[in-house]
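Here is how the chains run, residue by residue.
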Amino acid sequence: MFVSVVLDSGGIDSAKALAEILGRFNFKKIQKACWETMQINEVQLTNLKREIDSVTDYYDTLRIYQFPVNSNFAITELRHKQWKRSVYGAKQS
């Protein structure tokens, strides 16, 4: 699955820690605060979210874009230490 992670870090320490974690999960830095991979599965993504949780704080904001998720597009956001997920699909006629 394709996964992109975009970070708006609250501090330099969490930005460095996240960059190290994303590197271990085979993400490539595409832009200043954007990493992408095509080499991750659901289990690895769950583990990645746990590790992200351990190094972020209240002031960090992070978005994870995933495709496909049951043929849909998913956006998972970490804001104020809370995860929220939205899944978007094509409208059915």
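Just so it is clear, the model here is predicted, and its values are computed rather than measured. (Residues numbered from 1 in each chain as written. Predicted model: local features only at pLDDT ≥ 70, side-chain atom pairs only at ≥ 80, totals over all residues. Heavy atoms only, no water.)

Student: Is there a simple way to think about the sheet that holds strand 6 (residues 82-88) in this case?
Tutor: The strands making up a sheet associate through backbone hydrogen bonding, with each pair oriented either parallel or antiparallel. The strand order across the open sheet built from 6 strands is 2-3-1-4-5-6, with neighbouring strands paired in antiparallel fashion. Taken across any chain shown, the strands that pair with only one partner, and hence form the sheet edges, are strand 2 (28-31) and strand 6. Each strand of the sheet is rotated relative to its neighbour by a mean of 20°, with strand direction disregarded. In this structure, strand 5 (residues 72-79) lies alongside strand 6, joined through 7 bridges in antiparallel fashion. Across the sheet, threonine 76 pairs through a bridge with arginine 85, a residue of strand 6. (Pairing = 2+ DSSP bridges. Helix = DSSP H or I, 4+ residues; strand = E, 2+ residues; numbered from the N terminus. Axes fitted to C-alpha atoms, helices over the stretch in contact; angles between N-to-C directions.)

Student: For this particular structure, what's the right way to read the packing of aromatic side chains?
Tutor: One pair of aromatic rings is described through two measures. These are the centre distance and the angle between the planes. Tallied over the full model, the rule gives 2 aromatic pairs. Ring plane angle 85° and centroid distance 5.4 Å describe the contact between tyrosine 58 and tyrosine 59, whose orientation is recorded as edge-to-face. Looking at tyrosine 59, the relative accessible area reads 63%, which means it is exposed. We note lysine 49 situated over the ring of tryptophan 83; from NZ or CZ to the ring centre the distance is 6.0 Å. (Phe/Tyr/Trp six-rings, centres within 6.5 Å; stacked < 30°, edge-to-face > 60°. Buried < 20%, exposed > 50% of the residue type's maximum accessible area, 1.4 Å probe, protein only. Lys NZ or Arg CZ within 6 Å of the ring centre and 35° of its normal.)

Student: Help me understand helix 1 (residues 12-24), please; the structure alone is not making it clear to me.
Tutor: The α-helix winds at 3.6 residues per turn, so residues separated by three or four positions along the chain end up facing the same way. An ideal rise of 1.5 Å per residue puts 18 Å on 13 residues; helix 1 measures up with 19 Å between its terminal C-alpha atoms. Turning to helix 1, its buried residues are Ser14, Ala15, Leu18, Ile21 and Leu22. Along the long axis of helix 1, the arc covered by the buried residues comes to 130°, so they all point the same way. Exposed positions of helix 1 whose direction lies more than 90 degrees from the buried face are Ile12, Asp13 and Lys16. Residues of helix 1 that are buried sit in contact with strand 1 (2-8), strand 3 (34-37), helix 2 (42-55) and strand 4 (61-69). (Expected span 1.5 Å × (residues − 1). Arc of directions from axis to C-beta. Contact = heavy atoms within 4.5 Å.)

Student: Looking at this structure, how should I read the nonpolar core?
Tutor: Side chains of nonpolar character tend, in soluble globular proteins, to be buried together. Counting 17 residues, the largest nonpolar core has Phe27, Leu48 and Leu62 as the members making the most contacts within it. Only strand 1, helix 1, helix 2 and strand 4 provide two or more residues apiece to this core. The biggest single contributor to this core is helix 1, with 4 residues. Once residues within four sequence positions are removed from consideration, leucine 48 is found in contact with Ile21, Leu22, Phe25, Phe27 and Ile40. (Core = buried A, V, L, I, M, F, W, Y, C linked by side-chain atoms within 4.5 Å.)

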